[in-house]
Amino acid sequence: GGKESVGPARRAGVGALLMGSKQGRPGCVRRVLDAHAGVDQGTQGGATALIVACQDGDEACARLLLGANASVDQARLGGWTALMLACEDGHEACARLLLDANASVDQAKQDGWTALLIASKHGHPECVRLLLDAHASVDQVTQDGATALIVACQAGDEACARLRLGAHARVD
């Protein structure tokens with residue numbers, strides 16, 4: 001009950017789309033999209049082709065998937081979005097594409113972590129700057145009570161901390 005029936009051809013298209021994105025093959029992604037594969041279909045854990053492409057920093061595949069109207073804020077298990085994963089590894093070009101496609105800059109995982117907090121933790125000032133320019137909340141608090149400024153300071157990332165202070169982050 002309640003499960004959508006997905007035929008073998010549809011499953012094959014989804015697998016090919018995910019694999020093309022994972023392996024950074026925009027030509028393959030384009031052909032599979034042209035065959036009308038479900039752009040937002042994902043793995044059991046919720047990973048979609050867009051999530052995979054952005055996690056791997058594949059700007060060409062991400063651009064194709066966004067052009068096919070991939071859901072920009074769809075989250076995988078744990079609440080991770082494509083924007084969060086792009087920012088975790090410092091993939092500024094993918095993060096920019098997602099923000100240009102109106103990704104929710106303050107969408108939080110189940111534990112309260114946002115893309116800004118994640119970029120701060122992993123020391124990616126270029127992503128932090130991009131998120132701040134998109135008006136990310138500098139005072140968002142995780143379930144553990146951490147803010148982006150606290151996370152940057154804990155990570156010893158002076159550049160990220162300076163950016164947050166420049167954005168008038170609370171210091172108390």
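Residue numbers run consecutively from 1 along every chain, following the written order of its sequence. Per-residue local features are limited, in this predicted model, to residues with pLDDT of at least 70; the limit for side-chain atom pairs, both in listing and counting, is 80 or more; totals at the level of whole chains, interfaces and linings are taken over all residues. Hydrogens and waters are ignored; side-chain quantities use all the structure's heavy atoms.

**Q** Which parts of the structure should I look at to understand the overall build of the protein chain?
**A** Secondary structure is summarised from DSSP: a helix means a run of H or I of at least four residues, a strand means a run of E of at least two, and numbering begins at the N terminus for each. Counting its secondary structure elements, the protein chain contains 10 helices and 0 strands. Ordered by position from N to C terminus, the α and β elements of the protein chain give α-α-α-α-α-α-α-α-α-α. A burial count over the protein chain gives 46% of its 172 residues as buried. Residue contacts are defined here by distance: any two heavy atoms, one from each residue, within 4.5 Å place the two residues in contact. Taking the intrachain contacts of the protein chain between residues at least 6 apart in sequence as the baseline, contacts between residues at least 24 apart amount to 67%. Summing over all exposed atoms, the protein chain offers an accessible surface of approximately 8,700 Å²; the carbon and sulfur share of this is 48%. Exposure categories follow from relative accessible area, calculated using a 1.4 Å probe and restricted to protein chains: below 20% of the type maximum is buried, above 50% is exposed, and the middle band is partly exposed. To measure how exposed things are, a 1.4 Å probe is used in the Shrake-Rupley method; for residues, cover is taken only from the protein chains shown.

**Q** Explain the packing of aromatic side chains to me, please; I cannot follow it from the model alone.
**A** How two aromatic rings sit relative to each other is set out by the distance from centre to centre and by the angle between their planes. We call Phe, Tyr and Trp rings a pair once their centres come within 6.5 Å, taking the six-membered ring for Trp, and we label the pair stacked below 30 degrees between planes, edge-to-face above 60, and tilted otherwise. The full count for this structure, using the stated rule, is 0 aromatic pairs. Geometrically, a charge over a ring is one whose NZ (Lys) or CZ (Arg) sits within 6 Å of the ring centre while staying within 35 degrees of the ring normal. In this arrangement the basic side chain of Lys121 is found over the ring face of Trp113, its NZ or CZ atom lying 5.5 Å from the centre.

**Q** I tried to follow the environment of Gly24 on my own but got confused; where do I start?
**A** Looking at where Gly24 falls in the secondary structure, it is placed in the loop between helix H1 (8-22) and helix H2 (26-34). Under the relative-accessibility criterion, Gly24 is labelled partly exposed at 34%. If sequence neighbours within four positions are ignored, Gly24 has contacts with Asp58 and Cys61.

**Q** Even after reading the chapter, I still don't get the pattern of salt bridges, so can you show me in this structure?
**A** Oppositely charged side chains may form a pair once their charged atoms are brought near each other. Any Lys or Arg side-chain nitrogen located within 4 Å of an Asp or Glu carboxyl oxygen qualifies as a salt bridge. Going through the model one piece at a time under the given rule, you end up with 4 salt bridges. Close ionic contact of Lys22 with Asp56 constitutes a salt bridge, the shortest N to O distance being 3.4 Å. Placement of Lys22 in helix H1 and of Asp56 in the loop between helix H3 (49-55) and helix H4 (59-67) is noted, with a sequence separation of 34 residues between them. Exposure remark for Asp56: the relative accessible area of 32% places this residue in the partly exposed category. Between Arg96 and Glu92 there is a salt bridge; the shortest N-O distance is 2.8 Å. Residue Arg96 and its partner Glu92 are located together in helix H6 (residues 92-100), separated by 4 residues, close to a single helical turn. Among the residues examined, Glu92 registers a relative accessible area of 27% and is labelled partly exposed.

**Q** When you look at helix H8 (residues 125-133) in this model, what are you seeing that I'm missing?
**A** Side chains three or four residues apart in an α-helix point the same way, a direct result of the helix having 3.6 residues per turn. Along H8, the positions that sit buried rather than exposed are Pro125, Cys127, Val128, Leu130, Leu131 and Leu132. In the stretch just after H8, His135 is the one whose phi turns positive, near 70°.

**Q** Before we go on, may I ask you to explain unusual backbone geometry in this structure?
**A** Most peptide bonds are trans, and most residues other than glycine sit at a negative phi. The phi dihedral of Asn69 is positive, around 65°, even though this residue is not glycine. Its location among the elements puts Asn69 in the loop between H4 and helix H5 (82-88). We classify Asn69 as exposed; its relative accessible area is 64%. A positive phi angle is found at Asn102, which is not glycine, with a value near 70°. Its place among the elements puts Asn102 in the loop between H6 and helix H7 (115-121).

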